[in-house]
Amino acid sequence: MKNIAVIGSGTMGNGIAHVFAQYGYQVSLIDIQQSALDKAIATITRNFDRQVSKGTLSTEDKNSALGRIKTFTELEEGVKNADLVVEAATENVSIKLELFRKLDTLCKDSAILASNTSSISITKIGAVTERPDKVIGMHFMNPVPVMKLVEVIRGYATSDVVTKEIMELSRNLEKVPVEVNDYPGFVANRILMPMINEAIFTLFEGVAGVEEIDTVMKLGMAHPMGPLQLADFIGLDVCLSILKVLHEGFGNPKYAPCPLLVNMVEAGFKGVKTGEGFYKYTPGEKEFIVSPQFKK
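Keep in mind the model is a prediction, meaning the values are calculated, not measured.

Here is what the cut-offs are and how they apply
Residues numbered from 1 in each chain as written. Predicted model: local features only at pLDDT ≥ 70, side-chain atom pairs only at ≥ 80, totals over all residues. Heavy atoms only, no water. Pairing = 2+ DSSP bridges. Helix = DSSP H or I, 4+ residues; strand = E, 2+ residues; numbered from the N terminus. Axes fitted to C-alpha atoms, helices over the stretch in contact; angles between N-to-C directions. Parallel < 35°, antiparallel > 145°, perpendicular 65-115°, else oblique. Contact = heavy atoms within 4.5 Å. Nonpolar A, V, L, I, M, F, W, Y, C, P; charged D, E, K, R; others polar. UniProt positions renumbered as here; feature names shortened; annotations may be inferred. Buried < 20%, exposed > 50% of the residue type's maximum accessible area, 1.4 Å probe, protein only.

## Observations concerning the sheet that holds strand E4 (residues 84-87)
Backbone-to-backbone hydrogen bonds pair the strands of a sheet. The strands run either parallel or antiparallel.
Here is step 1: Taken together, the eight strands give an open sheet; going across it, the order is E3-E2-E1-E4-E5-E6-E7-E8, and neighbouring strands pair in mixed fashion. A strand with exactly one partner marks an edge of an open sheet, and here the two such strands are strand E3 (69-72) and strand E8 (176-181). Within this sheet the neighbouring strands show an average axis-to-axis angle of 25°, counted without direction.
Here is step 2: Bridge count for strand E2 (residues 26-30) against E3 is four bridges, and the pairing is parallel. Looking at E3, one finds that serine 28 is bridged to lysine 70.

Next comes the structure, spelled out in structure tokens:
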């Protein structure tokens, strides 16, 4: 595989494009808005500059990698030569299904179609195509250029050959691929999201405050980031979507999202992306404070 198409130029999409380009692949980065693509290229450039300043990448390699990324606003033009498509669009079932229907008709027959979904069924996605054996999950972790893990999710019909190819490709990116089967939340979010949800319930029920909960988990359990700060970083809307998938998929009330989380998302408090969640963030600054609504 030489030509990679990445659909979606947000946080995950630009990170995935960054990594593929850094490791020598030709990348087509696709989004519906040119402004989003311009913003993504600026982000990728800054992240490459950070690697150069740390001495982990040369200026020449940075420039070569940037030269391997082309941007497209037309889906057909962006995917027509792709050996692998990695979808990193919004975590919405109907959007993903419609996208994969289109990809199935636009991509060459040999192309592998992968989704970066964090919870949606790969089997369901594959079923809307005529190539379910070539549909697979590649769940990268955020930030993609830094985090080593890739969850490789096999749908019910995903072939052994395709799984092997994607495992090997992930290793070529110096990632550590872990093969998992297709059940709600896979492994990472099946374990992580109930923990985050329980932390929100702990706040909701008045057991402790935001900083107290995060401090207990950081100092007591050696987590690098507390669960409430992590939820802000992931996006509270994304956390809610994943919990809904778990709740609906398993039919178990233990996965029901905390009412506080639901209310925050409905009110537009989605974490870092909106400037406020459990903490309040100022653009361009590393410092952040507990959201005023949670201060004692």
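## As for the packing of helix H9 (residues 210-221) against helix H10 (residues 227-234)
Here is step 1: With their axes 7 Å apart at the nearest point, H9 and H10 run at an angle of 100° to one another. In terms of orientation, H9 lies roughly perpendicular with respect to H10. Contact residues: H9 offers Val210, Ile213, Asp214 and Met217, while H10 offers Pro227, Leu228 and Gln229.
Here is step 2: Its residues placed into classes, the contact of H9 with H10 shows five nonpolar, one polar and one charged.

## Regarding the environment of glutamate 179
Here is step 1: Relative to the helices and strands, glutamate 179 is located in strand E8.
Here is step 2: For the pair glutamate 179 and glutamate 151, spaced 28 residues apart in sequence, the C-alpha separation works out to 6.2 Å.

## Comments concerning the UniProt feature "domain: 3-hydroxyacyl-CoA dehydrogenase NAD binding" (unreviewed entry) in the protein
Here is step 1: With numbering aligned to this structure, UniProt lists the feature "domain: 3-hydroxyacyl-CoA dehydrogenase NAD binding" (unreviewed entry) at residues 3-182.
Here is step 2: For the annotated span residues 3-182, helix accounts for 44% and strand for 22% of the residues, and the straight-line distance between the end C-alpha atoms is 26 Å.

## Structural notes on unusual backbone geometry
Here is step 1: With an omega dihedral of 0°, the bond running from asparagine 142 to proline 143 counts as a cis peptide bond.
Here is step 2: Phi at glutamate 174 takes a positive value of approximately 60°, unusual for a residue other than glycine.
Here is step 3: Counting through the fold element by element, glutamate 174 comes out in the loop between helix H7 (160-172) and E8.
Here is step 4: Overall, the relative accessible area of 46% leaves glutamate 174 in the partly exposed class.
Here is step 5: Positive phi, close to 60°, is recorded for alanine 222, a residue that is not glycine.
Here is step 6: Relative to the helices and strands, alanine 222 is located in the loop between H9 and H10.

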